[in-house]
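The residues making up each chain are set out below.
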Amino acid sequence: MKKLISVLAIGLLILQSFTSGTNELTKEERAAGSAYLKETRDYFVEHVKGLSDAQLDFKAGPDKWTIRQCMEHIAKSESFIYTVMEKSLKAAANPDKKGDMKFSDEMIKTALLDRTKKGQAPEPIQPHGEFKTVGEATDMFIKERNIHISYIETTNDNLRDHLTPHPFFGMIDAYQWILLMSGHTKRHTLQIEEIMAAPGFPKN
């Protein structure tokens, strides 16, 4: 009997080795996701530190956003994009859709930084002056971003098998939505750089 129990126990361990963790992120994916979230967070925060009201409200053109508007958009987008990712996880896993994917992780990150291609932000994340101060915008962004960093570093969710469509990238998985959220922050920080480089931008 003891021998039979031992055999069954060994068999169970072997079965677990094949089934447990197979849907979790790899160490490399987890580390890369966390690093990109931190990199783009710090890149944004450093760019807007110590700006004057004149700099924050400077418009490079009548149809251009100000830095203040970019900041609001970045802050509001953090939870908006993350919510899309969460909804994809609540739906049934659909790994059969992986054949429809056209963008790799790196392709998404690269495409987001191409500022020659523009898009219209959805109404909920367009800037409407909802923050009383820029500190409110950055504080909300940092709080949300740090929560998302903690999530990617600890989650056991099956991010690669839950896919949902994006208007530009088509079908992407939940992990790529997090990369998109990070890259979106950098994309609009680059927009802030463009504003700072525009003729007439106040020196202080």
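To be clear, the structure that these remarks concern was listed above.
Residues numbered from 1 in each chain as written. Predicted model: local features only at pLDDT ≥ 70, side-chain atom pairs only at ≥ 80, totals over all residues. Heavy atoms only, no water.

Enquirer: So what about the overall build of the chain? Which residues, and what values?
Expert: When its secondary structure is counted, the chain shows seven helices and two strands. Each helix and strand of the chain, placed in order from N terminus to C terminus, yields the pattern α-α-α-α-α-α-β-β-α. Once local pairs closer than 6 in sequence are excluded, the contacts in the chain between residues at least 24 apart make up 81%. (Helix = DSSP H or I, 4+ residues; strand = E, 2+ residues; numbered from the N terminus. Contact = heavy atoms within 4.5 Å.)

Enquirer: Outline the pattern of salt bridges, supporting the account with residue identities and numerical values.
Expert: Once their charged atoms are close, side chains differing in charge can pair, the charge on each being opposite to the other. The final tally for this structure, using the stated rule, is 16 salt bridges. Lys 49 is paired through a salt bridge with Glu 46; the nearest N and O atoms lie 2.9 Å apart. Look at Lys 49 and you get exposed, because its relative accessible area is 53%. Here Lys 117 and Asp 114 are joined by a salt bridge, their closest N and O atoms 3.1 Å apart. With a relative accessible area of 24%, Asp 114 lands in the partly exposed category. Through salt bridges that share partners, Glu 29, Asp 105, Arg 160 and Asp 173 make up one connected network. (Salt bridge = Lys/Arg side-chain N within 4 Å of Asp/Glu carboxyl O. Buried < 20%, exposed > 50% of the residue type's maximum accessible area, 1.4 Å probe, protein only.)

Enquirer: Any chance you could break down the packing of aromatic side chains for me, citing the residues and the numbers?
Expert: One pass over the structure, following the stated rule, counts six aromatic pairs. Ring geometry for Phe 103 against Phe 169: centres 4.9 Å apart, planes inclined by 85 degrees, an arrangement best described as edge-to-face. Of this pair, Phe 103 sits in the loop between helix 4 (67–90) and helix 5 (105–112) while Phe 169 sits in the loop between strand 1 (163–166) and strand 2 (170–173), placing them 66 residues apart in sequence. Through pairs of rings, three or more aromatic residues link up here, namely Phe 103, Phe 168 and Phe 169. One cation-aromatic arrangement involves Lys 109 over Tyr 36; the distance from NZ or CZ to the ring centre is 4.3 Å. (Phe/Tyr/Trp six-rings, centres within 6.5 Å; stacked < 30°, edge-to-face > 60°. Lys NZ or Arg CZ within 6 Å of the ring centre and 35° of its normal.)

Enquirer: Which residues make up helix 2 (residues 27–48), and what values go with them?
Expert: The terminal C-alpha atoms of helix 2 lie 32 Å apart, and with 22 residues this matches the ideal 32 Å at 1.5 Å per residue to within 8%. Buried residues of helix 2: Glu 29, Arg 30, Gly 33, Ser 34, Tyr 36, Leu 37, Thr 40, Arg 41, Phe 44, His 47 and Val 48, and no others. Looking at the buried residues of helix 2, the elements they touch are helix 4, helix 5, helix 6 (134–154) and helix 7 (174–197). Gly 50, located one to two residues past helix 2, shows a positive phi value of around 75 degrees. (Expected span 1.5 Å × (residues − 1).)

Enquirer: Before we move on, could you go through the environment of Gly 50 and cite the residues and values that matter?
Expert: For Gly 50, the position within the fold is in the loop between helix 2 and helix 3 (53–56). Judged by its relative accessible area of 75%, Gly 50 is exposed.

Enquirer: Hey, could you go over the packing of helix 4 against helix 6 for me, with residue numbers and the actual values?
Expert: Relative to each other, helix 4 and helix 6 sit at 30 degrees, their axes nearing to 9 Å. With respect to their mutual orientation, helix 4 and helix 6 come out roughly parallel. Where helix 4 crosses over helix 6, the handedness of that crossing is left-handed. Of the residues in helix 6, those touching helix 4 at Arg 68, Met 71, Ile 74, Ala 75, Lys 76, Glu 78, Ser 79, Tyr 82, Met 85 and Leu 89 are Val 134, Ala 137, Thr 138, Met 140, Phe 141, Glu 144, Arg 145, His 148 and Tyr 151. Residues of the contact of helix 4 with helix 6, tallied by class, amount to eleven nonpolar, three polar and five charged. (Axes fitted to C-alpha atoms, helices over the stretch in contact; angles between N-to-C directions. Parallel < 35°, antiparallel > 145°, perpendicular 65-115°, else oblique. Left-handed = near helix turned anticlockwise from the far one by under 90°. Nonpolar A, V, L, I, M, F, W, Y, C, P; charged D, E, K, R; others polar.)

Enquirer: Can you lay out the side chain of His 148 for me, pointing to particular residues and giving the numbers?
Expert: Among the secondary structure elements, His 148 is positioned in helix 6. Separated by 2.8 Å, the side chains of His 148 and Glu 78 make a polar contact. If we ignore the near neighbours within four places in the chain, the residues touching His 148 are Leu 37, Glu 78, Tyr 82 and Met 181. (Polar contact = N/O pair within 3.5 Å; in protein donor to acceptor, adjacent residues only side chain to side chain.)

Enquirer: Can you explain the nonpolar core? Please cite residues and give values.
Expert: Within the largest apolar cluster, 22 residues are counted, with the highest numbers of intra-cluster contacts made by Met 85, Tyr 151, Ile 152, Leu 159, Ile 178 and Leu 180. Of all the secondary structure elements, the ones that give two or more residues to this core are helix 2, helix 4, helix 5, helix 6 and helix 7. If you tally residues by element for this core, the top one is helix 7, at seven residues. Leave out the neighbours within four places in its chain, and Tyr 151 touches Tyr 82, Met 85, Leu 89, Asp 157, Leu 159 and Ile 178. With 16 residues, the next largest nonpolar core counts Leu 51, Leu 56, Ile 67 and Ile 192 among its residues. (Core = buried A, V, L, I, M, F, W, Y, C linked by side-chain atoms within 4.5 Å.)

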